[in-house]
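Breakdown of the fold
What follows is the residue order along each chain.
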Amino acid sequence: MNIANLQTLDWDDLRVFNAIVGAGSLSGAAEQLGVNHSTVFRRLRRLEQSMGARLFDRLPQGYVLTTAGHTLAEHSGRIGEEIDTLELRLLGRDYRPSGTIRVTAPDNIAYNYLPRHFETFRARYPDIRIELIVGAASLDLSRREADIAVRATSKPPEHLVGRQVCRFAWSFYAAPAYLEAMGRVDEQSRLEGHRLIAAEGSLTRLPALQWIDRNAAHQVVARCNTLNGIAALALSGLGIALLPDDQMRPGLERLFQLTPRVTSDLWVLTHPELRRTERIRLLMHHLSEELGDENSRLRQAPG
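Residues numbered from 1 in each chain as written. Predicted model: local features only at pLDDT ≥ 70, side-chain atom pairs only at ≥ 80, totals over all residues. Heavy atoms only, no water.

1. Examining the overall build of the protein
To keep it simple, the criterion reads: Only DSSP runs of H or I covering at least 4 residues are called helices, and only runs of E covering at least 2 are called strands; the numbering of each starts at the N terminus. With a 1.4 Å probe rolled over the protein chains alone, any residue whose accessible area is under 20% of its type maximum counts as buried; one over 50% counts as exposed, and the rest are partly exposed. By the convention used here, residues are in contact when the closest approach between their heavy atoms is within 4.5 Å. Method for areas: the Shrake-Rupley scheme with a 1.4 Å probe, in which residue coverage is limited to the protein chains shown.
The helix and strand tally for the protein stands at ten helices and eleven strands. The proportion of buried residues among the 303 residues of the protein is 46%. Relative to all contacts within the protein whose residues are 6 or more apart in sequence, the contacts with residues 24 or more apart total 74%. Surface accessibility of the protein: about 15,400 Å² in total, with carbon and sulfur atoms responsible for 50%.

See below:
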């Protein structure tokens, strides 16, 4: 490995290298960094050419460090952490309402809520650009994988700061076509005989969705591992779905709330070093206000 070339090392390439080490694959690193697979591959090739050595063996089980790769990895993690810390501290002193903000949010919030709030924010602050990373994967805000995380959780990570902006109740939903064919149901005790749509995978850990498996598993006709997917199945007329009220949409009728009442808290979070960065402070305040108003509108909606 050509150590002399460290003088011309691109630190973004080093960040990609560290992501591959952690994920064990190019696709995993791409998802973690919020870039495409080809970008990760290109940056790895450039780093290996710069170092004059192959850093990974491409094996069936994933990308495994070579001897040269191990040597670089021994130092790159610590160097990367120091650069990230310095970057965060410098950003924390940035008081200009300009620059780029990376926001991560789960699918439904990202698709159905954030875009209109980003547009009103942009009208106020045209020099601020927003990059949206969709998904519920846990990104490392200390490494600038995201600047702001919008997360549905009852217990946000202790190393992040922010505020709970709203609290969604869970309700039963069905398409009008299903209700016309199977009959209306207006209370939980009368669900017997109706087709239900349940959770799969990691969603089964959610307390609200566990209600169906505990009380009506024999009525389940379909399952899905995402809330958007469960809502889509209900929208098709397949059955009745239990969903948080942020999933309310045209074509689905809210029947009644789950009892005993279960809620999902929505938080807007950032790293402590970034909360005084002007553009991040402004967007966090904006999202907190707008998402709080969304919750009020949902509570007032019929159903």
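2. Observations concerning the pairing of strand S8 (residues 220-224)
Within a regular strand, the side chains alternate between the two sheet faces. To keep things clear, this is the line we draw: We treat two strands as partners when DSSP finds at least two bridges between them. Assignment of crossover handedness uses the view with strands pointing away from the viewer, where a clockwise path from the first strand over the helix to the second indicates a right-handed crossover.
In this structure, strand S7 (residues 196-199) lies alongside S8, joined through four bridges in parallel fashion. Of the residues in S8, the one forming a bridge with Ala199 is Cys224. Between the parallel elements S7 and S8, the chain passes through helix H8 (residues 207-215) in a crossover that is right-handed.

3. Regarding the environment of Gly237
The residue Gly237 is located in the loop between helix H9 (227-235) and strand S9 (240-244) in this model. Separated by 14 residues in the primary sequence, Gly237 and Gly251 have C-alpha atoms spaced 9.7 Å apart. Every residue in contact with Gly237, bar those within four places of it in the chain, is listed here: Ala175, Tyr178 and Arg195.

4. Structural notes on the pattern of salt bridges
What counts here: A pair is scored as a salt bridge if a Lys or Arg side-chain nitrogen falls within 4 Å of a carboxyl oxygen belonging to Asp or Glu.
Across all of its chains, the model carries 13 salt bridges by this definition. With a shortest N-O distance of 2.3 Å, Glu253 and Arg184 are connected by a salt bridge. Note that Glu253 is positioned in strand S10 (residues 253-257) and Arg184 in the loop between helix H7 (176-182) and S7, a separation of 69 residues in sequence. Look at Glu253 and you get partly exposed, because its relative accessible area is 26%. Among the ionic contacts, a cluster of salt bridges with common partners joins Asp13, Arg43 and Arg46.

5. A few points about the side chain of His286
Looking at the element boundaries, His286 is found in helix H10 (residues 278-300). In this view, His286 contacts His117, Thr120, Phe121 and Arg124; residues no more than four positions away in its chain are not counted.

6. Description of unusual backbone geometry
A cis amide bond links Thr259 to the next residue, Pro260, at an omega of -5°. Here Pro260 shows up in the loop between S10 and strand S11 (263-270).

7. As for the environment of Leu274
In this structure, Leu274 sits in the loop between S11 and H10. Sequence-wise, Leu274 and Asp147 are 127 residues apart; in three dimensions their C-alpha atoms are separated by 7.5 Å.

8. A closer look at a nonpolar patch on the surface
Definition in use: Like-charged residues are merged into a patch within 9 Å and nonpolar side chains (Val, Leu, Ile, Met, Phe, Trp, Tyr) within 5 Å, provided each residue has over 30% relative accessible area and no salt bridge.
A cluster of nonpolar residues, Tyr111, Leu132 and Val134, forms a patch on the protein surface that exposes about 270 Å² of accessible area. Structurally, Tyr111 is set in helix H5 (residues 107-112). For Tyr111, a relative accessible area of 52% translates into the label exposed.

9. Quick look at the packing of aromatic side chains
Worth spelling out the cut-off: Under the pairing criterion, centres of Phe, Tyr and Trp rings, with the six-membered ring standing for Trp, must be within 6.5 Å; the plane angle then separates stacked pairs below 30 degrees from edge-to-face pairs above 60, leaving the rest tilted.
By the definition in use, this model includes five aromatic pairs. Ring geometry for Phe172 versus Trp211: centroids 5.7 Å apart, planes at 75°, classification edge-to-face. Of this pair, Phe172 sits in strand S6 (residues 161-174) while Trp211 sits in helix H8, and the two are 39 residues apart along the sequence. With respect to class, Phe172 is no different from Trp211; both count as buried. Members of the aromatic cluster, joined through ring pairs, are Phe17, Phe56 and Tyr63.

10. Comments concerning the nonpolar core
So the rule is basically this: Grouping buried Ala, Val, Leu, Ile, Met, Phe, Trp, Tyr and Cys residues that are joined through side-chain atoms within 4.5 Å yields what is termed a nonpolar core.
Membership of the largest hydrophobic core comes to 31 residues, with the highest contact counts inside it found for Phe172, Leu191, Ile240, Leu243 and Leu255. Counting residues per element, the ones that place at least two in this core are S6, H7, S7, H8, H9, S9 and S10. One finds Leu114, Ile128, Leu266 and Met284 within the second-largest nonpolar core, a separate group that totals 24 residues.

11. Quick notes on H8
Formally: The reported arc concerns the directions from the helix axis to the C-beta atoms and nothing else.
Those residues of H8 that sit buried are Ala208, Leu209, Trp211 and Ile212. Looking straight down H8, one finds its buried side chains confined to an arc of 135°; they lie on one side. Away from its buried face by more than 90 degrees, H8 exposes Pro207 and Arg214. Where H8 is buried, its residues contact S6, S7, S8, H9 and S9.

12. So, the environment of Ile280
Relative to the assigned elements, Ile280 resides in helix H10. By relative accessible area, Ile280 is classed as buried at 1%. As for Ile280 and Gly99, which are separated by 181 residues in sequence, their C-alpha atoms are 9.6 Å apart. Excluding residues that lie within four positions of it along the chain, Ile280 makes contacts with Ile101, Asp147, Ile148, Thr270 and Leu274.

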